[in-house]
Amino acid sequence: MFGKIIGTGSYVPENIVTNNDLTKIVETSDSWIEERTGVKQRHLMKNETTATMATEAAKRAVENAGIKPEEIDVIVVSTVSSNLILPNTACFVQEQIGAINAFCFDINTACTGFMMAYNTVQSYINSGLVKTALIIGAEGLSRIVDWSDRGTCILFGDGAGAAIVKASEAAVFETVMKSDGRKGSALTCYNGFATRPRKIFTEEKQEISDIYEKTNGQESSDTFVKMDGQEIFRFAVKEVPKCINELMEKMNITSDDVDMFVLHQANLRICQGIAKRLKISMDKVPTNVSEYGNTSSACIPILLDELFKAGKLKKGDKIIMSGFGAGVTLAATYLEIC
Ligand code: COA
């Protein structure tokens with residue numbers, strides 16, 4: 001048995017930053033950003049944190065599903081940009097919503113994260129370990145983006161999306177997941193701890209001394225997102241269609257059998273490139289990147305929430321979701337609305 005999505009919720013900050021607003025801090029233009037990425041604006045945190053956005057999205061999903069928080073057996077939060085390392089963001093959400101019976105953990109697979117969270121809880125449901133799962137993609141990317149780097153800062157936004165997945169005889173599940181660590185340097189953000197001074201005990205001198213820890217030669221400036229945009233673009237447009245085709249072959253279906261392809265909202269040109277390679281119309285590829293920018297693992301659940309709320313996903317619809325990003329990582333997952 002697998003799980004069915006019985007409720008969704010999302011949260012984006014009220015604070016909107018347009019492309020024109022960005023021209024005040026970096027040399028760029030509204031037309032350059034829109035032509036290259038499809039992004040017109042993004043929502044950025046003011047008083048929110050990644051953990052509070054995750055909580056709000058979770059509350060909305062729980063309410064939408066019509067369940068009690070006590071029914072949730074597991075909470076998985078996907079994030080690369082939480083304000084929290086300890087406790088994990090999932091435990092924070094648990095405490096805030098009163099999901100006292102859940103076990104909770106965070107995962108990091110960047111923009112593939114929501115797919116990984118979904119696939120993980122499907123395996124738990126299938127093994128009989130859990131019945132009801134809360135999965136969340138939540139990102140405060142504005143805190144890790146370098147706002148002086150016009151090559152990256154124009155792309156990203158903040159937000160969170162969540163879904164409740166509940167065991168159901170009717171649910172169908174299939175997936176293909178991949179990672180290629182050899183391409184890891186194409187999109188990086190080192191942890192600030194690594195370049196922070198720290199005290200260590202040196203036996204030779206029998207004293208405690210200050211040192212700077214360095215790993216792989218990283219500097220403090222590396223604690224912001226750094227990206228080889230073209231490498232990431234090529235990876236996405238080439239590998240994502242392959243992954244989706246592999247999933248369809250595994251299931252013995254073609255793109256004609258699929259009603260909608262819910263893709264990670266990296267940017268509009270990537271979505272168009274993937275559609276072209278799959279030989280599918282953009283009518284089957286919903287997008288909202290113009291409004292939110294790339295919110296990493298929050299993209300797919302925010303889009304799913306919007307599609308459900310707009311009545312665009314109906315019983316019997318066959319969907320392929322695909323997330324891809326840093327690592328590099330990617331996944332294509334089949335979802336049938338039931
Ligand atoms: N405004 C104006 N000019 C900019 C700019 C900006 N915001 N950012 C870069 N440029 C300039 C560059 O400096 C360069 O100038 P030069 O020719 O004088 O050196 C020129 O535009 C072209 O830069 P380039 O990096 O080659 O642009 P591009 O066509 O590859 O577009 C991206 C850049 C980032 C939009 C594109 O590579 C992309 O979409 N990559 C995928 C990124 C992504 O989706 N990442 C997340 C994946 S999960």
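A word on the sheet that holds strand 14 (residues 318-325). Taken in spatial order, the four strands make up an open sheet running 8-15-14-13, and their pairing is mixed. Both edges of this open sheet fall to strand 8 (173-179) and strand 13 (260-263), since each of them pairs with a single strand only. Across this sheet, the average inter-strand angle for adjacent strands is 15°, counted without regard to direction. Across four bridges, the pairing between strand 13 and strand 14 is parallel. Its bridge partner lying in strand 14, Met260 is registered against Ile319.

Moving on: a nonpolar patch on the surface. Residues Ile85, Leu86 and Phe193 make up a contiguous nonpolar surface patch of about 350 Å² in total accessible area. Residue position: Phe193 is located in the loop between strand 9 (187-188) and strand 10 (197-202). Given a relative accessible area of 44%, Phe193 falls into the partly exposed group.

This brings us to the site of the ligand. Around the ligand, 22 residues are found, and the nearest of them are Thr28, Arg36, Arg150, Gln230 and Asn267. Gln230 is positioned with one of its side-chain polar atoms (N or O) 2.6 Å from an oxygen atom of the ligand. Measuring from an oxygen atom of the ligand, one finds a side-chain N or O atom of Asn267 at 2.6 Å. Burial of the ligand by the protein chains amounts to 71% of its free accessible area of 970 Å². The set of elements that each furnish at least two residues to the shell around the ligand consists of helix 2 (30-37), helix 6 (229-251) and strand 14. Counting residues per element, the shell around the ligand draws most heavily on helix 6, at four residues. Of the residues belonging to the shell around the ligand, the class tally is ten nonpolar, nine polar and three charged. For the shell around the ligand, the domains that each give at least three residues are domain 1 (2-170) and domain 2 (174-185 + 225-336).

The subject of this paragraph is the environment of Ser78. Locating Ser78 in the fold gives a position in strand 4 (residues 74-78). By relative accessible area, which is 1% here, Ser78 ends up buried. Separated by 28 residues in sequence, Ser78 and Asp106 have C-alpha atoms that sit 5.6 Å apart. The contacts of Ser78, once residues within four sequence positions are left out, are Ile107, Ala110, Gly113, Phe114, Ile136, Gly137, Ala138, Glu139 and Ser297.

Time to look at the pairing of strand 7 (residues 158-168). Where burial is concerned, most of strand 7 is hidden: nine out of the eleven residues are buried. With nine bridges connecting them, strand 1 (residues 2-11) and strand 7 associate as antiparallel partners. Bridging across to strand 7, Gly7 finds its partner in Ile164. Where strand 6 (residues 132-140) meets strand 7, nine bridges bridge the pair, whose relative direction is antiparallel. Note on strand 7: the bridge partner recorded for Ile135 is Ala163.

Definitions and limits used
Residues numbered from 1 in each chain as written. Predicted model: local features only at pLDDT ≥ 70, side-chain atom pairs only at ≥ 80, totals over all residues. Heavy atoms only, no water. Pairing = 2+ DSSP bridges. Helix = DSSP H or I, 4+ residues; strand = E, 2+ residues; numbered from the N terminus. Axes fitted to C-alpha atoms, helices over the stretch in contact; angles between N-to-C directions. Patch = residues over 30% accessible without salt bridge, like charges linked within 9 Å, V, L, I, M, F, W, Y side chains within 5 Å. Areas by Shrake-Rupley, 256 points an atom, 1.4 Å probe, with all protein chains shown as cover. Salt bridge = Lys/Arg side-chain N within 4 Å of Asp/Glu carboxyl O. Buried < 20%, exposed > 50% of the residue type's maximum accessible area, 1.4 Å probe, protein only. Near = heavy atom within 4 Å. Polar contact = N/O pair within 3.5 Å; in protein donor to acceptor, adjacent residues only side chain to side chain. Nonpolar A, V, L, I, M, F, W, Y, C, P; charged D, E, K, R; others polar. Domains from an automatic or database assignment. Contact = heavy atoms within 4.5 Å.

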